[in-house]
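# Residue-level structure breakdown
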Amino acid sequence: APKVQDAETMTEATPYAEAAENFAVIKAAEAHLKVEEQKASAKAVKDAEEAAEAARKAEEEKAEKSAVIRAEEVRLKAEADERAAAEEAGVAMRETQNSAAKAKEAAAAKEAAK
């Protein structure tokens, strides 16, 4: 091993020091690359979560829209059924009124025939 008094003559790096420096540079680059990969991975996870959230919201909106459409269809059918029932009731009432009028006429005719 070189002694301290030889320090002035030691101007050139030893091959070991150069190799150690190269190794340190490579390890630093690898560590930096790993950090960048982790950042990219975390961003990819975040992007995937955001995409999943957007898809879920779109599904909810679609479900909401079809629920509104179904509710409107049910309301229209109920209105149509109500109109049909009212028409049937009106026809039945008119038939009842006609029958009552005919019965009155028959009774009046019978009374007049006496």
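What this report covers is the structure whose coordinates are included nearby.

Parameters at a glance
- Residues numbered from 1 in each chain as written.
- Predicted model: local features only at pLDDT ≥ 70, side-chain atom pairs only at ≥ 80, totals over all residues.
- Heavy atoms only, no water.
- Helix = DSSP H or I, 4+ residues; strand = E, 2+ residues; numbered from the N terminus.
- Buried < 20%, exposed > 50% of the residue type's maximum accessible area, 1.4 Å probe, protein only.
- Salt bridge = Lys/Arg side-chain N within 4 Å of Asp/Glu carboxyl O.

What follows concerns the overall build of the chain. Tallying secondary structure elements over the chain gives 1 helix and 0 strands in all. With 114 residues in all, the chain has 1% of them scored as buried.

Let us look at the pattern of salt bridges. Taken as a whole and judged by the stated rule, the model has 10 salt bridges. We note a salt bridge from Glu 79 to Arg 75, for which the minimum N-O separation is 2.4 Å. Placement of the pair is Glu 79 and Arg 75 together in helix α1 (residues 15–113), with a separation of 4 residues, close to one helical turn. In the salt-bridge network here, residues are joined through shared partners; they are Glu 53, Arg 56 and Glu 60.

These figures capture arrangement, not role.
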